[in-house]
Amino acid sequence: GASDEPEFTISYAPTYEGQDYGKVFFHTDMEDDPDTTEDEATVALNLAGFGVIPRIEVEPSLLYFPDVPSGDTSTKSFTLSASGSGNLVIRHIELSDPDGMFSYSPPVDYPGEPYVLNNGYSITMDASFAPTDASEHSAQIQIETNDPEVPLSIIDLRGNSVDNPEENYDVP
C-alpha cells in the first residue's frame, strides 16, 4: 500500500554556475526477471540541475555633492542591478550618516524589503544632501544582498557645503 512506498528528498546546492548532472541508484529487494536482460533490482534516477549565482552591480559607488549652499538640497541617483544568472535579493539597505545631512529614497515600485531583482533588472534610487552648515560631510549607504562574492556593497556619499552664495556678495 501507500505506506510501503518510501519517501526521500534530494537536495541540490550548487557551488558554481552552470549545468550539473547526476544519477541516483536505488537498490531494491525485487527479484530479477529471468525473461529480461534488465537488472530490475536496481533503478536509476537521472538528475539535472543548473547552478545560478546572483551578482550585484552598483553604479556609481561614490556620489559627490560639491558646493551645495547651506540650507539647500542636492539630489543624485544611483542604480542597483542584478547582473548574475540568479535573482538578486536586496535584503537590507541602511544609511550610515553620523551628521544627519544625507538621506535616500527607497525604490518607488517596491513595497519594502527585501527587494528581489530578476537577472538583468535594475532599480534606481535617489540620495540627497541637505547641509545645515558650511563644511564637508560624508556618509555611506550599505546594501546587504545574496551575492556570494559581495554580500555587502557600499556607496560612499561625500558632500561639500558652502555658505549661501547670496550672503557672500558685497553690493557696491
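Analysis parameters
Residues numbered from 1 in each chain as written. Predicted model: local features only at pLDDT ≥ 70, side-chain atom pairs only at ≥ 80, totals over all residues. Heavy atoms only, no water. Pairing = 2+ DSSP bridges. Helix = DSSP H or I, 4+ residues; strand = E, 2+ residues; numbered from the N terminus. Axes fitted to C-alpha atoms, helices over the stretch in contact; angles between N-to-C directions. Polar contact = N/O pair within 3.5 Å; in protein donor to acceptor, adjacent residues only side chain to side chain. Contact = heavy atoms within 4.5 Å. Patch = residues over 30% accessible without salt bridge, like charges linked within 9 Å, V, L, I, M, F, W, Y side chains within 5 Å. Areas by Shrake-Rupley, 256 points an atom, 1.4 Å probe, with all protein chains shown as cover. Salt bridge = Lys/Arg side-chain N within 4 Å of Asp/Glu carboxyl O. Buried < 20%, exposed > 50% of the residue type's maximum accessible area, 1.4 Å probe, protein only. Core = buried A, V, L, I, M, F, W, Y, C linked by side-chain atoms within 4.5 Å.

(A) Quick look at the sheet that holds strand S5 (residues 74–82). Pairing is antiparallel across the open sheet formed by four strands, whose spatial order is S3-S5-S9-S7. Two strands bound the open sheet, and with one partner strand each, they are strand S3 (56–59) and strand S7 (102–105). Neighbour-to-neighbour, the strand axes of this sheet turn through a mean angle of 25°, independent of strand direction. With four bridges connecting them, S3 and S5 associate as antiparallel partners. Counted as the bridge partner of Val58 is Leu80 from S5.

(B) Quick look at the side chain of Ser161. Within the fold, Ser161 resides in strand S11 (residues 152–162). One polar contact links the side chain of Ser161 to the main-chain carbonyl oxygen of Asp133, over a distance of 2.6 Å. Ser161 has contacts with Val68, Pro69, Ser70, Phe129, Pro131, Asp133, Ala134 and Ser135, leaving out every residue within four places of it along the chain.

(C) Expanded view of unusual backbone geometry. Cis geometry is found at the peptide bond from Glu59 to Pro60, where omega equals -10°. Counting through the fold element by element, Pro60 comes out in the loop between S3 and strand S4 (62–69).

(D) Geometry of the sheet that holds S4. Pairing is mixed across the open sheet formed by five strands, whose spatial order is S4-S11-S10-S6-S8. Of all strands in the sheet, those bounded by a partner on one side alone are S4 and strand S8 (115–117). The mean inter-strand angle of the sheet, taken between neighbouring strand axes irrespective of direction, is 25°. Across six bridges, strand S6 (residues 88–96) lies against strand S10 (residues 136–145) in antiparallel orientation. Its bridge partner being in S10, Leu95 is matched across the sheet by Ile141.

(E) Looking closely at a nonpolar patch on the surface. Among the surface-exposed residues, Phe8, Ile10 and Leu45 lie close enough to one another that they form a single nonpolar patch of about 260 Å² accessible area. By secondary structure assignment, the location of Ile10 is in the segment before strand S1 (18–27). Overall, Ile10 belongs to the partly exposed group, its relative accessible area being 39%.

(F) The arrangement of the nonpolar core in detail. Core analysis: the largest hydrophobic core is formed by 24 residues, its most contacted members being Leu80, Ile90 and Leu157. Elements that contribute at least two residues to this core include exactly S3, S4, S5, S6, S8, strand S9 (122–129), S10 and S11. The greatest single-element share of this core, amounting to four residues, is contributed by S9. Setting aside anything within four residues of it in sequence, one finds Leu157 in contact with Leu63, Phe65, Leu95, Phe102, Ala127, His137, Ser138, Ala139 and Ile141.

(G) Structural view of the pattern of salt bridges. The full count for this structure, using the stated rule, is two salt bridges. The shortest N-O distance in the salt bridge between Arg55 and Glu149 comes to 3.1 Å. Of this pair, Arg55 sits in the loop between strand S2 (42–51) and S3 while Glu149 sits in the loop between S10 and S11, and the two are 94 residues apart along the sequence. What emerges from the salt-bridge pattern is a single network uniting Arg55, Asp147 and Glu149.

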